[in-house]
Each structure stands twice: as structure tokens, then as C-alpha cells.
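Structural overview for review
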Amino acid sequence: MPGCGIIYTLTVHDAYLVADWLKSQGLNVEAYTSDTGYGRVELEEALLDNRIKALVATTALGMGYDKPDLAFVIHYQTPGSVVAYYQQVGRAGRALDAAYGVLLSGREETDITDWFIQSAFPTRREVAAILEALESEPNGLSVPEMMRRVNVSSGRIEKTMALLALEAPSPIVKLGSKWQLAPTPLSNAFWERAERLTSLRRDEQQQMQKYVHLPFGAHMGFLIQALDGDPGVVTGPGLPPLPTAVDAGLVQMAVAFLRRGGLPFWPRRQWPAGGMPVYGVKGLIPPERQAQTGRALSFWGDDGWGVLVRNGKYQEGFFADALIEACVTMIREWNPQPAPAWVTCLPSLRHPELVPGFARRLAGALGLPFHGVIVQRGERPEQKTMANSIQQARNVDGSLVIEKRVTVPHGPVLLIDDMVDSRWTLTVCAWLLRAAGSGEVWPLALAKMRHG
């Protein structure tokens, strides 16, 4: 398409993913998100001056930005409401006779907008847990102190406190850094308002899905009518429709791009607030007891290797040979030094052979010995059920030990797991391995969870 424009994504992760893909295809684009920071002004000016083809942006590119000659606005996913979509696509062609508005729609957008809708208000369980924790502490609790007492994420705690504080009268008060319980109970009007707004957002979501399935030429009239305008004044499209066929070779290149692997994740360098009481540690983790920077083959559930990882874990109960080959390729490109001399893995009482079986096969493909030296002591809840970092760390505390009947090899080791999220399990395993005399610990995961 001629001219310059904006490509909108629903998440920060997708903004960088799409920008990287387009760059790999030789297009001059840049990502623009809440993480962009001080570089925002330079990127805005670059698009204004037509020095870049497009910004791949989240809603961080707000309503204050104006470029009248935008030739296109592309939505990588369908937004959650007609208002949001109209505000964004309406930026195209203000000083042009015609411009393209392209709306893409995929299965993941429903999950994303569902998440935004569901996370807009705290649940009754979350509010009850927080108020109960405050009731037990007359002197109040800070957010980090609440994280140790309730299985709720820091962001959810902060949002809950902010919303409750807006109630009149409010059931909580803030004194310094701590929140305290007020004598006034939470009104049921809070929940009625939350349910009403949630229902409204569901209706908006359905309205956008109707828009997606309209025939060519009917879109502008639908938008105008949805915004209480007169659809009778809408003229037909000023540009011909774009082709919808996809080049098979380009699809293969996109899949290869998603399967490029080698996603880094960094070791934790400090124990959680309050330490790990069972292991008897707190504060900074000594460098000689830390893991090295790890690598993940995929993002969980993505259309590269992520689909195979998910199917292997929850459907097949076995990780495909293709994942072995992909990991071997990734390790060769990664080339960690000093190179691993042996392989081990994280244990699991729920799936005792899933990860160990994969790790043994990978060790064989690498020509390295496998030693299962870490054992799990007592079943704990799955880490994915822990909502914040402190709860995740405490869930691991004391649950992993070095097998007493084995000798830990002294060389560098490749530490295998299927998924990496909080990194606390890998952190504890590396700490145990180094204490037992191993060399450098190189973590490798099949999938990395993404946030936001």
C-alpha cells in the first residue's frame, strides 16, 4: 500500500512480534507501546515525517497523536468495542480522498478481550480475601505484605484497593504505605455496578464480532448507526477491496519466523520478600549459586512450536520428536559457554515421565549423559494457581531436594523444564545443583509464558 500508517495490536507482546516480523520482511516499521518510554516522541515524529512506513502500536498511541495523511490503519486483532475501533481507524485519510482500514480477526482476540473484561473488576473471592487480611491486622498492610497473605497478584491487589477507595463511603482507608479496614462495609452497589459494566462490555464485544462478518461496503454504515449517526449519508468505499488470498510461501516464512526459538529469560538474583523459611535463605542469591541466562523454544500456545508444546503436555502426554530437533538447533545457535557436560530436569509428581522422558531423549540427541538428581518432596499446588511472585516462591519452598543416593556431576549442566513462568522453580533447582557441586546451570524451557 502507498503512504504510511499505523498497525494496532491488542497486546504489547504482539506489537513487538508484528514489528519484528515486518522488519524481517524488509519493511521500515517500529513498535510503539507502554514500554517505549522516552523514545515515543522520536517515533511519533518519524511517522509524521514519513521516515518510517508504520508504527505497530498498542493503545499507548493515544488520541493526542494526529497525522492527517495516514494512508492506512490496520488492526492485527479486532478491538473490544465499536468506539475504540472507530477512534483508531478514523485516524486514516483525514487529509486524503481515501484510505484503507484493514481489520484482521483471529481466535486469540476473544481470549484477549475476555481477559480485559474479566480483569476490569476484582472477583468477590479476591475482595473477601483482601478484606479478611486487613481485618486481621488493625495496623494495616502494605501491598507487599498483602501478597504474602493472599493469593492475589500485586496488580490485582492495587486495582482492588483503588476501586474500593473510590466508594462513598469507602470500606478501606490508606495511612502512609498501609491500607486499613474502615468501619463501613462494602455496599452491594459496588457489585451491581461491576455486573452492569461487565454486561455492557460483553455486548460491545459481540457488536464487533458482527462487524467482522459484514459484506464489503457495509462497514461504515454499521459504524455510523452503532454510534447513533445517520447511516443514510454514508457513501460507498472509495478504494477497491484488497485481495484476501494468502501466499503459501509467505505463510511458511511466517511459521519459520515463529519457530526461530532462542527466547531469553533471566535468572532471579534475589529471594522473595520474607525469604524462603524452609530453605533458610533470604536477601540476595550469591552469584555462584544463581542460574545462567536461560532460553525458551517458544511462547506458550503460539503458532510456532507453542502448539506442539501445548498438545504434548495436555493431549498427547508426550513431546514430539520435532521439539527435540528444534531444541538441538536452538542449543547449537545459543552455544552456551562453558558448554553443558550433562543434562538434568525438573521433577513432577503429577507427570512423572513427561519432562524426564523428553530430557533423556534430548540428552541422547546431544550426546550427553542424563542424570535425574532432583526429586520433589510432597505434592504442592501447580505454580499456575499461584497469583503472585511471593506465593509462587513459597509454593516451591522446601519442595525440591537433591536425591541423597546420587552424586551430582561437577560439570556445567543443562536444566530442562516444559514451561517457565515465575522462574522460582528453576531458581531453586539451580541453587540446589550449585550447592551440590555442579558447574554452571543453563536452564532450557520448551515454552515461556507471556504476560500483559
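The structure this text deals with has already been given above.
As the structure is a prediction and not an experimental result, all values here were calculated from the model.

A word on the pairing of strand S2 (residues 29-32)
Bridge analysis of S2 against strand S3 (residues 54-57) gives four bridges, and the strand direction is parallel. Bridging across to S3, Ala31 finds its partner in Val56. Note on the crossover from S2 through helix H2 (residues 40-48) to S3: the handedness is right-handed.

Overview of the packing of aromatic side chains
The tally for this structure, following the rule as stated, stands at 11 aromatic pairs. Aromatic pair Phe319 and Phe358: ring centres 5.7 Å apart, planes at 80°, arrangement edge-to-face. Note that Phe319 is positioned in the loop between helix H11 (306-316) and helix H12 (321-334) and Phe358 in helix H13 (residues 354-366), a separation of 39 residues in sequence. Residue Phe319 is classed as buried on the basis of its relative accessible area of 1%. An aromatic cluster is built from Trp271, Tyr279, Trp424 and Trp431, whose rings are joined through pairwise contacts.

Digging into the sheet that holds S2
A sheet is described by the order of its strands in space; here five strands give the open sequence S2-S3-S1-S4-S5, paired in parallel fashion. On the outer flanks of this sheet lie S2 and strand S5 (100-103), each paired with one strand and no other. Neighbour to neighbour, the strand axes of the sheet diverge by 15° on average, direction disregarded. Here four bridges tie strand S4 (residues 72-75) to S5, and the two strands are oriented parallel to one another. Counted as the bridge partner of Ile74 is Val102 from S5.

Details of a nonpolar patch on the surface
A cluster of nonpolar side chains, contributed by Val83, Tyr86, Met220 and Leu227, occupies part of the molecular surface with about 320 Å² of accessible area. On the secondary structure map, Tyr86 appears in helix H3 (residues 82-89).

Regarding the environment of Gly238
You can see Gly238 is positioned in the loop between helix H9 (219-226) and helix H10 (248-258). Assessed through its relative accessible area of 64%, Gly238 is described here as exposed.

Regarding unusual backbone geometry
Negative phi is the rule for most residues except glycine; trans is the rule for most peptide bonds. Between Ala168 and Pro169 the backbone carries a cis peptide bond, its omega angle lying at 0°. Cis geometry is adopted by the peptide bond preceding Pro338, which originates at Gln337 and carries an omega value of 0°. Here the phi dihedral of Asn50 falls at roughly 60°; this positive angle occurs in a residue that is not glycine. Summarising the element assignment, Asn50 is placed in the loop between H2 and S3.

Focus: the nonpolar core
In terms of nonpolar packing, the biggest core is built from 32 residues, with Trp271, Tyr279, Ile374, Leu400, Leu415, Val428 and Leu433 touching the most fellow members. Considering each element in turn, this core owes the most residues, eight residues, to helix H15 (residues 424-435). Residues within four places of Val428 in sequence aside, it is in contact with Trp271, Met276, Tyr279, Val396 and Leu400. Cys327, Val355, Phe358 and Leu362 belong to the second-largest nonpolar core, a separate cluster that totals 27 residues.

A short note on the packing of helix H8 (residues 189-212) against H9
Each pair of packed helices gets described by two things: the angle between the helix axes and the distance between those axes. At their nearest, the axes of H8 and H9 sit 10 Å apart, and the two run at 160° to each other. The angle between H8 and H9 places the two elements in the roughly antiparallel class. Handedness of the H8/H9 crossing: right-handed. In this structure, H8 uses Gln207, Lys210 and Tyr211 to contact H9, whose residues at the interface are His219, Phe222, Leu223 and Ala226. Residue classes in the contact of H8 with H9 are distributed as four nonpolar, two polar and one charged.

What counts, and at which threshold
- Residues numbered from 1 in each chain as written.
- Predicted model: local features only at pLDDT ≥ 70, side-chain atom pairs only at ≥ 80, totals over all residues.
- Heavy atoms only, no water.
- Pairing = 2+ DSSP bridges.
- Helix = DSSP H or I, 4+ residues; strand = E, 2+ residues; numbered from the N terminus.
- Right-handed = clockwise from strand over helix to strand, strands pointing away.
- Phe/Tyr/Trp six-rings, centres within 6.5 Å; stacked < 30°, edge-to-face > 60°.
- Buried < 20%, exposed > 50% of the residue type's maximum accessible area, 1.4 Å probe, protein only.
- Axes fitted to C-alpha atoms, helices over the stretch in contact; angles between N-to-C directions.
- Patch = residues over 30% accessible without salt bridge, like charges linked within 9 Å, V, L, I, M, F, W, Y side chains within 5 Å.
- Areas by Shrake-Rupley, 256 points an atom, 1.4 Å probe, with all protein chains shown as cover.
- Salt bridge = Lys/Arg side-chain N within 4 Å of Asp/Glu carboxyl O.
- Core = buried A, V, L, I, M, F, W, Y, C linked by side-chain atoms within 4.5 Å.
- Contact = heavy atoms within 4.5 Å.
- Parallel < 35°, antiparallel > 145°, perpendicular 65-115°, else oblique.
- Left-handed = near helix turned anticlockwise from the far one by under 90°.
- Nonpolar A, V, L, I, M, F, W, Y, C, P; charged D, E, K, R; others polar.

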